[in-house]
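Breakdown of the fold
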Amino acid sequence: FGMTTPATVGGKAFLIAYGLFGCAGTILFFNLFLERIISLLAFIMRACREHQLRRSGLLPAPFRRDSLAGWKPSVYHVLLILGLFAVLLSCCASAMYTSVEGWDYVDSLYFCFVTFSTIGFGDLVSSQRAAYRNQGLYRLGNFLFILLGVCCIYSLFNVISILIKQVLNWMLRKLSCRCCARCCPAPGAPLSGELISMRDLTASNKVSQALLQKQLSEAANGYPRGVCASARQNGFSGGVGALGIMNNRLAETSASR
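Cut-offs applied
- Residues numbered from 1 in each chain as written.
- Predicted model: local features only at pLDDT ≥ 70, side-chain atom pairs only at ≥ 80, totals over all residues.
- Heavy atoms only, no water.
- Phe/Tyr/Trp six-rings, centres within 6.5 Å; stacked < 30°, edge-to-face > 60°.
- Helix = DSSP H or I, 4+ residues; strand = E, 2+ residues; numbered from the N terminus.
- Buried < 20%, exposed > 50% of the residue type's maximum accessible area, 1.4 Å probe, protein only.
- UniProt positions renumbered as here; feature names shortened; annotations may be inferred.
- Expected span 1.5 Å × (residues − 1).
- Axes fitted to C-alpha atoms, helices over the stretch in contact; angles between N-to-C directions.
- Parallel < 35°, antiparallel > 145°, perpendicular 65-115°, else oblique.
- Contact = heavy atoms within 4.5 Å.
- Nonpolar A, V, L, I, M, F, W, Y, C, P; charged D, E, K, R; others polar.
- Core = buried A, V, L, I, M, F, W, Y, C linked by side-chain atoms within 4.5 Å.

The subject of this paragraph is the packing of aromatic side chains. Counted by the stated rule, this structure contains eight aromatic pairs. Ring centres of Phe-1 and Phe-111 lie 6.0 Å apart, and the angle between their planes is 25 degrees; this geometry places the pair in the stacked category. Of the two residues, Phe-1 sits in the segment before α1 (9-56) while Phe-111 sits in helix α3 (residues 105-116), which places them 110 residues apart along the sequence. We classify Phe-1 as partly exposed; its relative accessible area is 38%. On the basis of relative accessibility, which here comes to 2%, the residue Phe-111 falls in the buried class. Among the aromatic residues, those joined into a ring-pair cluster are Phe-1, Tyr-97, Trp-103 and Phe-111.

In the numbering adopted here, UniProt assigns the feature "transmembrane region" (unreviewed entry) to residues 15-45, 74-96, 108-125 and 137-157. Within residues 15-45, the helical portion is 100% and the strand portion 0%, while the C-alpha atoms at the span's ends are 43 Å from each other. The span residues 137-157 is 100% helix and 0% strand, and its two end C-alpha atoms sit 30 Å from each other.

Of note, Thr-118 is a non-glycine position whose phi angle comes to about 60 degrees, a positive value. Positionally, Thr-118 belongs in the loop between α3 and α4 (135-183).

Our focus in this paragraph is helix α2 (residues 75-101). Between its first and last C-alpha atoms α2 spans 37 Å; for 27 residues at 1.5 Å apiece the expected length is 39 Å, and the two agree. One or two steps after α2, the chain reaches Gly-102, where phi turns positive at roughly 80 degrees.

On to the side chain of Ser-155. Its place among the elements puts Ser-155 in helix α4. By relative accessible area, which is 0% here, Ser-155 ends up buried.

On to the packing of α1 against α2, then. Between α1 and α2, the shortest axis-to-axis distance is 11 Å and the interhelical angle comes to 110 degrees. One element, α1, and the other, α2, form an angle in the roughly perpendicular class. Contacts from Ile-37, Leu-41 and Met-45 of α1 reach α2 at His-77, Val-78, Ile-81 and Leu-82. Of the residues that constitute the contact of α1 with α2, the class distribution is six nonpolar, one polar and no charged.

Right, let's talk about the nonpolar core for a bit. Buried together is how nonpolar side chains tend to be arranged in soluble globular proteins. Ranked by internal contacts, the top residues of the largest apolar core, which has 25 residues, are Leu-82 and Tyr-97. Contributing elements (two or more residues each) for this core: α1, α2, α3 and α4. Ranked by residue count, the leading element in this core is α2, at nine residues. In this structure, Tyr-97 is in contact with Gly-102, Trp-103, Ser-108, Phe-111, Cys-112, Ser-126, Tyr-138, Asn-142, Phe-145 and Ile-146, ignoring residues within four places of it in sequence.

Given below as structure tokens:
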């Protein structure tokens, strides 16, 4: 939260070196947490889907795993579950901070969002008194709430960014339809010099959604053996978001060689 800062030249140099690897490791941890959350949610949603089909009588009696091979969990369901979990976690943490720190409940909710989203203004900081009642238990709860909250909000932000890209894609398609007659050059006309066309930008913005939807589908139906074998052979394990895009590109480059 910016309350403790290095004062010596050696401390500042150590902070730079430590932060370089520490921040990279933290981002990797968050991406791995997101992968595990997606796998867990896909498993739960698949089980709920199977239970729903059994109750409706649509699931064949000799059930096989490939009976739901074409079914894909919805990204919107993942967003809803992550959002509800983030709200529940924030409410529980706020109740603890209100009781122990003496803050208003609204201030506690504000602190939870600022902390879980890693904004960290520092106007409200927990565990700053010299002594608390049940101090060890409170600090353990504070650590667990912050750890789970940051991981959950990071995962939620990744899914929300996909929805924002969907809205931007819709807006770009509308703009493209309205101004394509004026903006598109005639056959044989020279290009306008722009780095990327609107159509290419719209297509590139679908990468994160496709990766997340693919991860949900593979987690629900089992990873294809061919994909897993090639990924292990090349040393790249897929991933989600920016990590998934980078690993997929590296895997394709390594396979082409």
